[in-house]
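# Observations on the model geometry
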Amino acid sequence: MDKHPSYEALSPYLTKYPKAAGSLFQTYNDLKLAQQWTDLEVVELPGCARCGMRGRRPQMDDLLSVVPCSLSESLSTEWIRTTFEELGSPPHVYLAINTEDSSIVYYKISPGIVKPPL
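If you're wondering where the values come from, they're calculated on a predicted model, not measured in any experiment.

The rules behind these values
- Once a new chain begins, its residue numbering starts again from 1 and follows that chain's sequence as written.
- In view of the model being predicted, local features appear only for residues whose pLDDT reaches at least 70, and side-chain atom pairs are presented and counted only at 80 or more, with totals across whole chains, interfaces and linings using the full set of residues.
- Side-chain metrics rest on all non-hydrogen atoms present in the structure, leaving aside hydrogens and water.
- For the purposes of this entry, the term helix denotes a DSSP run of H or I that reaches at least four residues, the term strand denotes a run of E that reaches at least two, and both are numbered from the N terminus.
- Burial classes follow relative accessibility: with a 1.4 Å probe on protein chains only, a residue under 20% of its type's maximum area counts as buried, one over 50% as exposed, and anything between as partly exposed.
- The contact definition used throughout considers only heavy atoms, calling two residues in contact when any of these lie within 4.5 Å.
- UniProt positions are given in the numbering used here, feature names are shortened, and annotations may be inferred rather than shown by experiment.

## What about unusual backbone geometry?
- Non-glycine residue Asp39 carries a positive phi angle of around 50°.
- Along the chain, the position of Asp39 falls in strand S1 (residues 38-45).
- Here Ser102, not a glycine, exhibits a phi torsion of approximately 75°, which is positive.
- By the secondary structure assignment, Ser102 is in the loop between strand S4 (93-98) and strand S5 (104-109).
- Of the residues examined, Ser102 reaches a relative accessible area of 53% and is grouped as exposed.

## Overview of the environment of Pro46
- Within the secondary structure, Pro46 is located in the loop between S1 and strand S2 (50-56).
- Judged by relative accessible area, which is 57%, Pro46 ranks as exposed.
- Along the sequence, Pro46 and Leu118 sit 72 residues apart, while their C-alpha atoms lie 37 Å from each other.
- Apart from residues no more than four positions distant in its own chain, Pro46 is found in contact with Tyr17 and Glu86.

## Here we look at the UniProt feature "domain: tRNA-splicing endonuclease subunit Sen15" (unreviewed entry) in the protein chain
- Mapped onto this numbering, the UniProt entry gives "domain: tRNA-splicing endonuclease subunit Sen15" (unreviewed entry) at residues 26-116.
- Counting secondary structure, residues 26-116 comes out at 21% helix and 37% strand; the distance between its end C-alpha atoms is 30 Å.

## So, the side chain of Thr27
- You can see Thr27 is positioned in helix H2 (residues 21-34).
- Looking at Thr27, the relative accessible area reads 0%, which means it is buried.
- Excluding residues within four positions of it along the chain, Thr27 makes contact with Met53, Val66, Pro68, Ala96, Asn98, Ile104 and Tyr106.

Structure representation (structure tokens):
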């Protein structure tokens, strides 16, 4: 991992939050290299014991927030509330759920009760 080009940008966070290091590394590289997000920055979320990211999808102006986690983690509504607070209360957060086979599923989470589109 330390030979990878993105390691330098992530190394302080990987050692600070070792339980979330794999999810952070995998999600960061997916957004940066595969999905080609721009203005990608790592944001510390100490209340969640991990880092999240903010960035923009290609050809979009909206700044989006992403929080990586592992499929094996148990998350609570309190954890999600803390995530929104520490990211500055964005309209929604993408939860990047990482699996052992390196696949990632992104779930869009919104605060409160949101009526599904018809």
